[in-house]
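# Close look at the chain arrangement
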Amino acid sequence: MGRLKRHAPEELFLLRSRCLIGRSSTCDVRFDDARISGEHACVRWTGDGWELRDLASKNGVFVRNHRVAAGERILLAAGDGFTLGDPGASAFRFTLVEAAPPVASALHVASGAVRESTAGLLVLPDDNHPRVSLIEGRNGRWMLEAEGEVRAAEDREIVVVDGEAWSLDLPALTGPTLDGDAAAAQPAGRPLIDSITLRFRVSRDEERVEITILHRGGELHLPARSHHYLLLTLARARLADAGAQPAQQGWRDRDELCRMLAMDEYRLNVDVCRARKQFLAAGVHGAANLVERRPGTGRIRLGVGRVEIERA
């Protein structure tokens, strides 16, 4: 993410896709100073870079002592600076110190803490307590999973998790996951969720489940984890429905899964989160879609269509 530095006092701000600077309580960077307008300036991501605009402020925005004209758009590169109001006032001087694009994130409204997404996955309030998960779908749209249900997430919406409010920032940057033809054109060695095969090796007492990811570049052996049994169960559902159309294969009712696995819904959600995180750590592109949920139905399935199961 981009970073904006205020010079006096020195302070760093993470840049979400749009950063409002001003006196209003709704601004991302606030000044309690009458020389600053309610919404004085805006720094936003355009898709190509960071852009600065004066929001018709009374005292202006200055870049290199030049006052930015109304409606003028100034493209900022790393190291570029600007000042609000008086061009000589260090208290209102900023520098773009990092120009990386924004990623999907959630701002904790009370504390100002920001959680960033990783490779299409954002978990709230934290990885150890996955009450809410935001998943970037194959079509590039963000979906919100909470209490076993899934729906489309909206940019700038407020999500309440355990009584705490989070503001979502969901820039449309990455686009959809590559389809099979595009995946085939990728360099060898990069596993993609839509082109891998999962090989399960199961002990005879089913106490140990090992997973190997087969892809064009070779094989990835994952350390055995307790959540592998959930993935094995979903893989078996895929195989049981092998005669159905791919879009219909492997869907199982959430409550039925909980009964089969002798776990409650919270534990199911924890295992789903841990499975996604393990595949992300293994470098699988699109691993947030390892487990899919069907909106409005409470149904769940393995997001990988090619699976093999063998006995140890």
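Note that the structure is a prediction, hence the values are computed from the model and not measured. (Residues numbered from 1 in each chain as written. Predicted model: local features only at pLDDT ≥ 70, side-chain atom pairs only at ≥ 80, totals over all residues. Heavy atoms only, no water.)

### Here's the deal with the UniProt feature "domain: FHA" (unreviewed entry) in the protein chain
- The UniProt entry lists residues 19–68 under the feature "domain: FHA" (unreviewed entry), expressed in the numbering used here.
- Strand forms 42% of residues 19–68 and helix 0%; the C-alpha atoms that close the span are 17 Å apart. (UniProt positions renumbered as here; feature names shortened; annotations may be inferred. Helix = DSSP H or I, 4+ residues; strand = E, 2+ residues; numbered from the N terminus.)

### Quick notes on the sheet that holds strand β26 (residues 307–311)
- Within the open sheet, the four strands sit side by side as β22-β21-β20-β26. Their pairing is mixed. The open sheet terminates on both sides in strands that have one partner only, identified here as β22 (218–222) and β26. Strand-to-strand twist in this sheet, taken as the mean axis angle between neighbours without regard to direction, amounts to 20 degrees.
- Across six bridges, strand β20 (residues 197–202) lies against strand β21 (residues 209–215) in antiparallel orientation. Each bridged residue has a counterpart across the sheet, and for Phe 200 the counterpart in β21 is Ile 211.
- Sitting on the sheet, helix α2 (residues 228–240) touches β20, β21, β22 and β26, and the angle it makes with β26 is about 115 degrees. (Pairing = 2+ DSSP bridges. Axes fitted to C-alpha atoms, helices over the stretch in contact; angles between N-to-C directions. Contact = heavy atoms within 4.5 Å.)

### Side note on the packing of α2 against helix α4 (residues 265–281)
- The contact between α2 and α4 brings their axes to 9 Å, and the two run at 95 degrees. In terms of orientation, α2 lies roughly perpendicular with respect to α4. Of the residues in α4, those touching α2 at His 228, Leu 230 and Leu 231 are Leu 268, Asp 271, Val 272, Ala 275, Gln 278 and Phe 279.
- Across the contact of α2 with α4, the residue classes tally to six nonpolar, two polar and one charged. (Parallel < 35°, antiparallel > 145°, perpendicular 65-115°, else oblique. Nonpolar A, V, L, I, M, F, W, Y, C, P; charged D, E, K, R; others polar.)

### Points about the nonpolar core
- Leu 198, Phe 200, Leu 231, Phe 279, Leu 290 and Leu 302 are the most contacted members of the largest nonpolar core, which totals 36 residues.
- Counting only elements with at least two residues in this core, the list comes to β14 (121–126), β20, β21, α2, α3 (254–261), α4 and β25 (299–302).
- When residues in this core are grouped by element, the largest group, six residues, is from α4.
- Setting aside its immediate chain neighbours within four residues, Leu 302 contacts Leu 198, Leu 231, Leu 234, Ala 235, Arg 238, Leu 290, Glu 292 and Val 307.
- Core analysis: the second largest hydrophobic core is formed by 24 residues, Leu 4, Ile 36, Trp 50 and Leu 76 among them. (Core = buried A, V, L, I, M, F, W, Y, C linked by side-chain atoms within 4.5 Å. Buried < 20%, exposed > 50% of the residue type's maximum accessible area, 1.4 Å probe, protein only.)

### A word on the pattern of salt bridges
- Applying the stated criterion to the full structure yields 26 salt bridges.
- The residue Asp 162 makes a salt bridge to Arg 131 at a minimum N-O spacing of 3.5 Å. Here the residue Asp 162 occupies a position in the loop between β18 (158–161) and β19 (164–169), and Arg 131 occupies one in strand β15 (residues 129–136), the gap between them amounting to 31 residues.
- Relative accessible area serves as the criterion here: at 53%, Asp 162 is assigned to the exposed category. (Salt bridge = Lys/Arg side-chain N within 4 Å of Asp/Glu carboxyl O.)

### Some details on the domain arrangement of the protein chain
- Each assigned domain of the protein chain is listed with its residue range as follows: domain 1 (3–98), domain 2 (105–169) and domain 3 (197–311).
- Of note, the centres of domain 1 and domain 3, computed from C-alpha atoms alone, are 47 Å apart. (Domains from an automatic or database assignment.)

### A look at α4
- Counted at 1.5 Å a residue, the expected span for α4 with its 17 residues is 24 Å, and the 24 Å between its end C-alpha atoms agrees.
- Within the span of α4, buried status applies to Leu 268, Asn 269, Val 270, Asp 271, Val 272, Cys 273, Ala 275, Arg 276, Gln 278, Phe 279 and Leu 280.
- Looking at the residues trailing α4, positive phi occurs at Gly 283, about 90 degrees. (Expected span 1.5 Å × (residues − 1).)

### Quick word on the side chain of Glu 145
- Tracing the backbone through its elements, the reader meets Glu 145 in strand β16 (residues 142–146).
- Side chain to side chain, Glu 145 and Arg 293 meet in a polar contact 3.1 Å long.
- Not counting residues within four places of it along the chain, the set of residues in contact with Glu 145 comprises Arg 131, Val 132, Ser 133, Ile 135, Val 150, Arg 276 and Arg 293. (Polar contact = N/O pair within 3.5 Å; in protein donor to acceptor, adjacent residues only side chain to side chain.)

### Overview of the packing of aromatic side chains
- As enumerated under the stated definition, the model contains four aromatic pairs in all.
- With a centroid separation of 5.3 Å and an interplanar angle of 65 degrees, the aromatic rings of Trp 45 and Trp 50 are classed as edge-to-face. As far as burial versus exposure is concerned, Trp 45 and Trp 50 are alike and both buried.
- Between the aromatic rings of Phe 82 and Phe 94, the centroid separation amounts to 5.4 Å while the plane-to-plane angle is 15 degrees, which identifies the pairing as stacked. Taken together, the residues span a long stretch of sequence, with Phe 82 in strand β10 (residues 81–84) and Phe 94 in strand β11 (residues 93–98) at a distance of twelve residues. Side by side, Phe 82 and Phe 94 carry an identical accessibility label, which is buried. (Phe/Tyr/Trp six-rings, centres within 6.5 Å; stacked < 30°, edge-to-face > 60°.)

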